[in-house]
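# Reading the structure
Chain by chain, the residues:
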Amino acid sequence: MIRWFSLIFFFGILSLLFRVHFLYVLFYLSIVLPLLSRYLSRFAFSNLKLDVSLEPRNIFYREVSRFSITVSNETFLPVYWLETVSYLPEKLIFPYKVGGLHRIPSKGKISLSYEIKGIKRGVYQLGPVVLQTSDIISGEEFKNTFRVNDRLTVYPKIVPIVSGRIHSYQPVGELRSDEVAFEDPSLFRGTREYSTSDPIKRIHWKLSARTGVLQVKMYEPTVGAQSVIFLNLRYQDYSTFDRDYKVELAITLASSLATFLIKKKQEVGLVTNGGDMLIEDTNLTVQKIPPKRGEEHLIRILELLARVTPRRTDDFPPLVYSESLSFPRWVNLLVITPRENEQLMKTLIGINRRGTNISLFTLIDYKGDRREEGIFIYEVPNEDKIKAL
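Residues numbered from 1 in each chain as written. Predicted model: local features only at pLDDT ≥ 70, side-chain atom pairs only at ≥ 80, totals over all residues. Heavy atoms only, no water.

A word on the environment of Arg370. One can find Arg370 in strand S21 (residues 370-372). Taking relative accessible area as the criterion, Arg370 reaches 15% and is therefore assigned buried. From its side chain, Arg370 meets the backbone oxygen of Gly368 in a polar contact 2.7 Å long. Polar contacts involving the side chain of Arg370 include one to the side chain of Glu379, which spans 3.1 Å. (Helix = DSSP H or I, 4+ residues; strand = E, 2+ residues; numbered from the N terminus. Buried < 20%, exposed > 50% of the residue type's maximum accessible area, 1.4 Å probe, protein only. Polar contact = N/O pair within 3.5 Å; in protein donor to acceptor, adjacent residues only side chain to side chain.)

Dropping the structure here:
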């Protein structure tokens, strides 16, 4: 810009000294051209349209998502050079600032695409995308920053459990129960005499015709096999030297157990004292998902496990005790914690005496898998041990 002002000054001095018509023309052009060029460059830049897309938005560990941007020039003026800079998740891709220099013809467009591999679980904000250019005559720079609303969710790693040694008093599927008010019509138990409160559809017509007395069908009352995963992410309970590794191992174990049990058609729930990447509420004491079955429910659990973080909070055993009271006594409790301690064992033994089946998973290699006071203890110091559960 300073050089152009020098050129205007130069032509102005020459036109005053020599009073030649051609020099006057050059002087006026040196004034008009930068103003016109700057206006046209600003007009073209302001009419650039940016479209971004992220597909898919949710991926499993080590799957790939694609972030795409399209810049369209909606004017008849070409953009001679345009620099694009896209900011991608720093923990997933290097370098995380990607882009380049481009030329966009009139009514043209450019499309750029970047692969993002889910190498670490979490929820990642995409963007911003920065577009920048300058006027080729005046040198004035134009810059625009576009925020991207898309987030990429990377589910935690799932290690396939192949041995199926996890102890349970419950068989896979449905359990006979006298504690619920519904019956499973697929489990025929027998017949009894009709009473006025029985619905007509329950009458066993063939047997009633043979006996001469109205008979109604009876079915077994049932409940779904339920397991609840208690995940301890209390910051103080993890050792400093391997905290990051053990936290990720605990979350991987939780996601692997949930996947294994839901594939076995069990109802699975989750309770954790961890924080949430998307919530800054310091009063958040517990996050929980009630037990349900099905692939959609598994995705809900994995989404929470993708966001969960360790945080400073109260002791874990009181949380286990208070939350266990909200579930039926026949539920399976799968407790994941860095290491066992006396307070936790006393709490679990007390819950177990109510008839609740408990499996404790610790992240150390100490005494090996064992049973103590009715509690089944599994030591999982690494991912290979998850496969052997």
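Past the structure itself, the notes keep going.
With that out of the way, let us pick up the nonpolar core. In this structure, Ile229, Leu231, Leu253, Leu257, Ile336, Phe361 and Leu389 are the most contacted members of the largest nonpolar core, which totals 38 residues. Counting only elements with at least two residues in this core, the list comes to strand S14 (226-231), helix H4 (243-263), strand S15 (267-272), helix H5 (295-307), strand S19 (332-337) and strand S22 (375-379). The element contributing the most residues to this core is H4, with eleven residues. Setting aside chain neighbours within four positions, we find Ile229 in contact with Ala254, Leu257, Ala258, Val268, Gly269, Leu270, Val271, Leu334 and Ile336. Listed in part, the 28 residues of the second largest apolar core include Ile110, Leu131, Val148 and Leu152. (Core = buried A, V, L, I, M, F, W, Y, C linked by side-chain atoms within 4.5 Å. Contact = heavy atoms within 4.5 Å.)

Further remarks concern the sheet that holds strand S1 (residues 48-55). Taken in spatial order, the three strands line up as S1-S3-S6 in an open sheet, and their pairing is antiparallel. Two strands lie at the open edges of the sheet, namely S1 and strand S6 (109-117), each paired on one side alone. In this sheet, neighbouring strand axes are inclined to one another by 15 degrees on average, regardless of whether the strands run parallel or antiparallel. Bridging between strand S3 (residues 64-73) and S6 involves nine bridges; their strand directions are antiparallel. The residue bridging Ile69 from the neighbouring strand is Leu112, located in S6. (Pairing = 2+ DSSP bridges. Axes fitted to C-alpha atoms, helices over the stretch in contact; angles between N-to-C directions.)

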